[in-house]
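Here's the letter readout for the chains.
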Amino acid sequence: PNGKVDRAKLPVPEIRPGKRYEAPKNSVEEKLVEISAEVFKTEPYSIGVNDNFFELGGHSLSATIVMSRIQHIFDVRLTLSDLFVHPFIRQLARYIDEALPHKSITIEPVEKKNYYPLSAAQKRMYISQQEDEEDITYNMPLVRLVIGNPDKERLAEIFHRLIQRHESFRTSFQMINGQLVQRIHDEVETKVFAELFSKSDPPETLKKFIRPFDLSNAPLLRVGLVKLAEEKYLLIIDMHHIISDGLSMKVFSEDFSALYTSQGEALPPLRLQ
């Protein structure tokens, strides 16, 4: 109805060997096929050296992941434009063979400070939010149907642990001496799971729930539960784009699932935030 593709009705993507399939012939080609298979979540035998990364379904986000993996494994410098120029695995393997060695620099955590600068994207979002405090353009809502009676206390505990695990959920934004800064709090008010609604019109409920955030007040996350019928609920999660993006949501979902199924076990500590 809104002109967008209803992805839920599409078949599950499947990559099959094409007519021009040719198996890798050396270790570099084998490793590139392995990396591509991991990114596309398919078997290595379904990808050959004559396959084009973007024809397989690659896009700028997956290209960035592949680029990072290649740089780390082969110790060569590779840019996103290089991947666009050499999209075939055989082409890319030749490029890697001929490239000059370039040792990747490991990212190290910065020292602990009271405040940290904002990225350019964060500054843009902050200024946009201040110009119109009622704007919800940068809200990132997520809605899931829950069948059964959810354990509210357990859900609240999981969100509390997620907030403690990820510094982004303990980050607030403010102006200090004329400079935009972000502050990471050791503790924040974690009563995010307080938005409980009785059975009502779901669109109206979402309209009430998805509202502007106060960027100076962490966490920039709220969670709601709507009872639609007996053993049928909507779990609504909303967070601000200034602390989250597409890749972050993937991490968030994986951590949520791991905590929900771990029966209280701790997740491995994070070296980088």
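For the structure, see preceding data.
Every chain begins its residue count from 1, and numbering advances along the sequence as written. Totals for whole chains, interfaces and linings use all residues, but because this is a predicted model, local features are given only for residues with pLDDT of at least 70 and pairs of side-chain atoms are given and counted only at 80 or more. The side-chain numbers reported here are obtained from all heavy atoms of the structure, hydrogens and water having been left aside.

## Observations regarding the sheet that holds strand β3 (residues 171-176)
Neighbouring strands of a sheet are bound in pairs by backbone hydrogen bonds; such pairs are parallel or else antiparallel. The three strands are arranged β1-β4-β3 in an open sheet whose pairing can be described as antiparallel. Only two strands of the sheet have a single neighbouring strand rather than two, namely β1 (116-117) and β3. Here a strand pair is declared whenever DSSP counts at least two bridges between the two strands. Strands are runs of DSSP state E lasting at least 2 residues, helices are runs of H or I lasting at least 4, and numbering of each runs from the N terminus. As judged from the two bridges shared by β1 and strand β4 (residues 179-184), these two strands associate in the antiparallel manner. Pairing of Pro-117 across the sheet is with Val-181, part of β4.

## Section: the pattern of salt bridges
By definition, a salt bridge exists where a carboxyl oxygen of Asp or Glu is found within 4 Å of a side-chain nitrogen of Lys or Arg. Summed over the entire model, instances satisfying the criterion amount to 13 salt bridges. A salt bridge links Glu-157 to Arg-161, with the shortest nitrogen-to-oxygen separation between them at 3.9 Å. Placement of both Glu-157 and Arg-161 in helix α6 (residues 152-165) is noted, with a separation of four residues, approximately one turn of the helix. For every residue, the accessible area obtained with a 1.4 Å probe (protein chains only) is divided by the maximum for its type, and the residue is called buried under 20%, exposed over 50%, and partly exposed between those limits. A relative accessible area of 42% means that Glu-157 is categorised as partly exposed. Among the charged side chains, a salt-bridge network with shared partners connects Glu-22, Lys-25 and Arg-90.

## Some thoughts on helix α8 (residues 246-261)
Along its 16 residues, α8 runs 23 Å from first to last C-alpha, staying within 8% of the 22 Å computed at 1.5 Å per residue. Every buried residue of α8 is accounted for by Met-249, Phe-252, Asp-255, Phe-256 and Leu-259. When α8 is viewed along its axis, its buried side chains cluster within an angular range of 130 degrees and face the same direction. Summarising the geometry of α8, the exposed residues directed more than 90 degrees from the buried face are Gly-246 and Thr-261. Whether two residues are in contact is decided by their heavy atoms: any pair within 4.5 Å suffices. In this fold, the buried residues of α8 make contact with β2 (139-147), α6 and β7 (232-240). Immediately beyond the C-terminal end of α8, within one or two residues, lies Gln-263, with a positive phi of roughly 55 degrees. For a helix, the expected span equals 1.5 Å multiplied by the number of residues minus one. The arc in question is the one spanned by the directions pointing from the helix axis to the C-beta atoms.

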